[in-house]
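Close look at the chain arrangement
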Amino acid sequence: MTNKTLIYVKLPATGKGYDFWVPDSMAMQDVSQLVCQAMQNIESDFFLYTGAQTLMYERTGQIQDPGATVGEIGFTDGDAFVVV
């Protein structure tokens, strides 16, 4: 069974946020891509994923190492991110 972490992702264009379960073994670059693709489907009137967007960790304002996994970084359920 894969361990997963529940993250909260905000989309500044709408002010809305959404919860996503992500595998602890997934690299942040993959998390960013999948979440941004989902955001495009959810908020297609306000957001177009171009491949340039990523996730910023809200608490620190930092972009995480794209090759590091969710588990390696140590994110926990409820950690919040912003699409940038």
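Reading the values: the criteria
- Residues numbered from 1 in each chain as written.
- Predicted model: local features only at pLDDT ≥ 70, side-chain atom pairs only at ≥ 80, totals over all residues.
- Heavy atoms only, no water.
- Core = buried A, V, L, I, M, F, W, Y, C linked by side-chain atoms within 4.5 Å.
- Buried < 20%, exposed > 50% of the residue type's maximum accessible area, 1.4 Å probe, protein only.
- Helix = DSSP H or I, 4+ residues; strand = E, 2+ residues; numbered from the N terminus.
- Contact = heavy atoms within 4.5 Å.
- Salt bridge = Lys/Arg side-chain N within 4 Å of Asp/Glu carboxyl O.
- Expected span 1.5 Å × (residues − 1).
- Arc of directions from axis to C-beta.
- Phe/Tyr/Trp six-rings, centres within 6.5 Å; stacked < 30°, edge-to-face > 60°.
- Pairing = 2+ DSSP bridges.

With respect to the nonpolar core
Side chains that are nonpolar tend, in soluble globular proteins, to be buried together. Core analysis: the largest hydrophobic core is formed by 18 residues, its most contacted members being V9, V31, M39, F81 and V83. Those elements giving two or more residues to this core turn out to be strand 1 (4-11), strand 2 (16-23), helix 1 (28-42), strand 3 (55-57) and strand 5 (80-83). At five residues, the largest contribution of residues to this core is made by helix 1. Each residue touching V9, except ones within four places of it in the same chain, is listed here: K16, G17, Y18, F20, V35, M39, L55, F81 and V83.

Considering the pattern of salt bridges
According to the stated counting rule, one finds two salt bridges in the structure shown. Between K16 and E43 there is a salt bridge, with the nearest N and O atoms lying 3.7 Å from each other. On the criterion of sequence distance, the pair formed by K16 in strand 2 and E43 in the loop between helix 1 and strand 3 is long-range, its members being 27 residues apart.

Notes on helix 1
Taking 1.5 Å per residue as the helical rise, helix 1 with its 15 residues ought to reach 21 Å, and the 21 Å between its terminal C-alpha atoms agrees with that figure. Of all the residues in helix 1, the buried ones are M28, V31, S32, V35, C36 and M39. All buried residues of helix 1 project into a common sector of 120° when viewed along the axis, lining one side. Where helix 1 is buried, its residues touch strand 1, strand 2, strand 3, helix 2 (70-73) and strand 5.

Examining the packing of aromatic side chains
Applying the stated criterion to the full structure yields three aromatic pairs. Measuring from centroid to centroid gives 5.3 Å for Y57 and F81, while their planes differ by 45°, and the two rings are tilted. Of the two residues, Y57 is situated in strand 3 and F81 in strand 5; the sequence distance between them amounts to 24 residues. Residue class for Y57 comes out buried when judged on its relative accessible area of 6%.

Observations regarding the pairing of strand 5
Side chains A80 and V82 project from strand 5 onto one buried face, and the interleaved F81 and V83 project onto a second face that is buried too. Relative to strand 5, strand 1 runs parallel, the two sharing three bridges. Paired with Y8 across the strands is A80, a residue of strand 5. Bridge count between strand 3 and strand 5: three bridges; the pairing is antiparallel. Across the sheet, residue M56 finds its bridge partner in strand 5, namely V82.

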